[in-house]
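# Residue-level structure breakdown
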Amino acid sequence: MKIYFDRKSGDLIIESPEGQRCRDFLGVCIGEAVFDTEPTVRGSTRCIVTGNFLAVPGTRESRDIESEIRAQGRSHLEFYWWRDKTWPLRKARLAFIAKPHGGFPTSMAVDGEV
């Protein structure tokens, strides 16, 4: 799965390996997360996260995993990753990726590597 923030719509976009896309506003739990950037069709750069999709957003299972990540999380991902086009980490065992909200860090990582 690939996840990125669409500034125009204000949503997180979840893209499958087959190219199917859906929008998310709750946040996504990812295992073996890899943080990277990629060029857009308009020549800009966007931050992306790839990894294993752990649970359907909004389900009880997803909320439980998110709680576990928040309890274990030692790394708040920089709130402005979507604006600055850079990640503070390269990899993480677990990550909760959420769209920016009201100036607070909403994304977290467990066992992150710089």
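Just so it is clear, the model here is predicted, and its values are computed rather than measured.

Looking now at the overall build of the chain. Across its full length, the chain carries 2 helices and 8 strands. Its C-alpha atoms give the chain a radius of gyration of 13 Å, near enough to 13 Å, the size a compact globule of 114 residues would have. Here the chain holds 114 residues, and 42% of them are scored as buried. The long-range share in the chain, meaning contacts at least 24 apart out of those at least 6 apart in sequence, stands at 53%.

Now for the pattern of salt bridges. Taken as a whole and judged by the stated rule, the model has 9 salt bridges. With its nearest N and O atoms 3.8 Å apart, the salt bridge here joins Glu15 to Lys2. Pair noted here: Glu15 is in strand β2 (residues 11-15) and Lys2 is in strand β1 (residues 2-6), with a separation of 13 residues, a long-range link. Asp6 is the partner of Arg23 in a salt bridge, and the nearest nitrogen-oxygen pair spans 4.0 Å. One end of the pair, Arg23, is in strand β3 (residues 21-24); the other, Asp6, is in strand β1, and 17 residues separate them in sequence. Classification of Arg23 as exposed rests on a relative accessible area of 52%.

Our focus in this paragraph is the environment of Leu26. Within the secondary structure, Leu26 is located in the loop between β3 and β4 (28-39). Taking the relative accessible area as the measure of exposure, Leu26 reaches 43% and is therefore partly exposed. Considered as a pair, Leu26 and Ile97 are 71 residues apart in the sequence and their alpha carbons are 9.1 Å apart. For Leu26, the contacting residues outside a window of four places in its chain are Pro57, Gly58 and Phe96.

Reading the values: rules and limits
Residues numbered from 1 in each chain as written. Predicted model: local features only at pLDDT ≥ 70, side-chain atom pairs only at ≥ 80, totals over all residues. Heavy atoms only, no water. Helix = DSSP H or I, 4+ residues; strand = E, 2+ residues; numbered from the N terminus. Rg over C-alpha atoms; globule rule 2.2 N^0.38 Å. Buried < 20%, exposed > 50% of the residue type's maximum accessible area, 1.4 Å probe, protein only. Contact = heavy atoms within 4.5 Å. Salt bridge = Lys/Arg side-chain N within 4 Å of Asp/Glu carboxyl O.

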